[in-house]
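# Examining the three-dimensional arrangement
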Amino acid sequence: MAVDLAPQCSAKGCRAAAVWRLHWNNPKIHTPDRRKTWLACDQHRPTLGSFLDARRFLREVVPFASPDDATN
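Owing to the predicted nature of the structure, the values given are computational and were not obtained by experimental measurement.

### Side note on the packing of aromatic side chains
Throughout the structure, instances matching the rule amount to three aromatic pairs. With 6.0 Å between their ring centres and 20° between their planes, Trp24 and Phe57 make a pair best called stacked. Within this pair, whereas Trp24 is found in strand E1 (residues 20-24), its partner Phe57 is found in the loop between helix H1 (45-54) and strand E3 (58-63), the two being separated by 33 residues in sequence. The two residues Trp24 and Phe57 agree in class, both being buried. Clustering of aromatic rings is evident, with ring pairs tying together Trp24, Trp38, Phe51 and Phe57. The ring of Trp20 is capped by Arg45, whose NZ or CZ atom sits 4.2 Å from the centre of that ring. The ring of Phe51 carries the charged tip of Arg55 above its face, separated from the ring centre by 3.6 Å.

### Considerations on the sheet that holds strand E2 (residues 36-40)
With respect to topology, three strands assemble into an open sheet ordered E2-E1-E3, the strand pairing being antiparallel. The open sheet has two free edges, formed respectively by E2 and E3, since each of these has just one partner strand. Strand-to-strand twist across the sheet, computed as the mean angle between neighbouring axes with direction ignored, equals 25°. Direction of pairing for E1 relative to E3: antiparallel, over a ladder of five bridges. Across the sheet, Trp24 pairs through a bridge with Leu58, a residue of E3.

Thresholds applied
Residues numbered from 1 in each chain as written. Predicted model: local features only at pLDDT ≥ 70, side-chain atom pairs only at ≥ 80, totals over all residues. Heavy atoms only, no water. Phe/Tyr/Trp six-rings, centres within 6.5 Å; stacked < 30°, edge-to-face > 60°. Helix = DSSP H or I, 4+ residues; strand = E, 2+ residues; numbered from the N terminus. Buried < 20%, exposed > 50% of the residue type's maximum accessible area, 1.4 Å probe, protein only. Lys NZ or Arg CZ within 6 Å of the ring centre and 35° of its normal. Pairing = 2+ DSSP bridges. Axes fitted to C-alpha atoms, helices over the stretch in contact; angles between N-to-C directions.

Pasting the structure below:
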């Protein structure tokens with residue numbers, strides 16, 4: 001039986017609904033056009049963004065609109 005789960009925040013242990021998409025890449029292992037995606041709730045958007053930004057991985061933060069937006 002398949003279970004459809006609503007997209008959740010990527011923060012460890014968080015089960016809140018995704019509200020933001022944080023697009024990032026690691027330039028040491030990804031091509032410049034490659035984008036990975038972390039989803040974030042309002043509470044974890046700043047901490048996830050700070051983690052990525054401190055490593056110079058963060059490329060863009062945009063609102064999360066639908067499950068189709070969650071792909072890497």
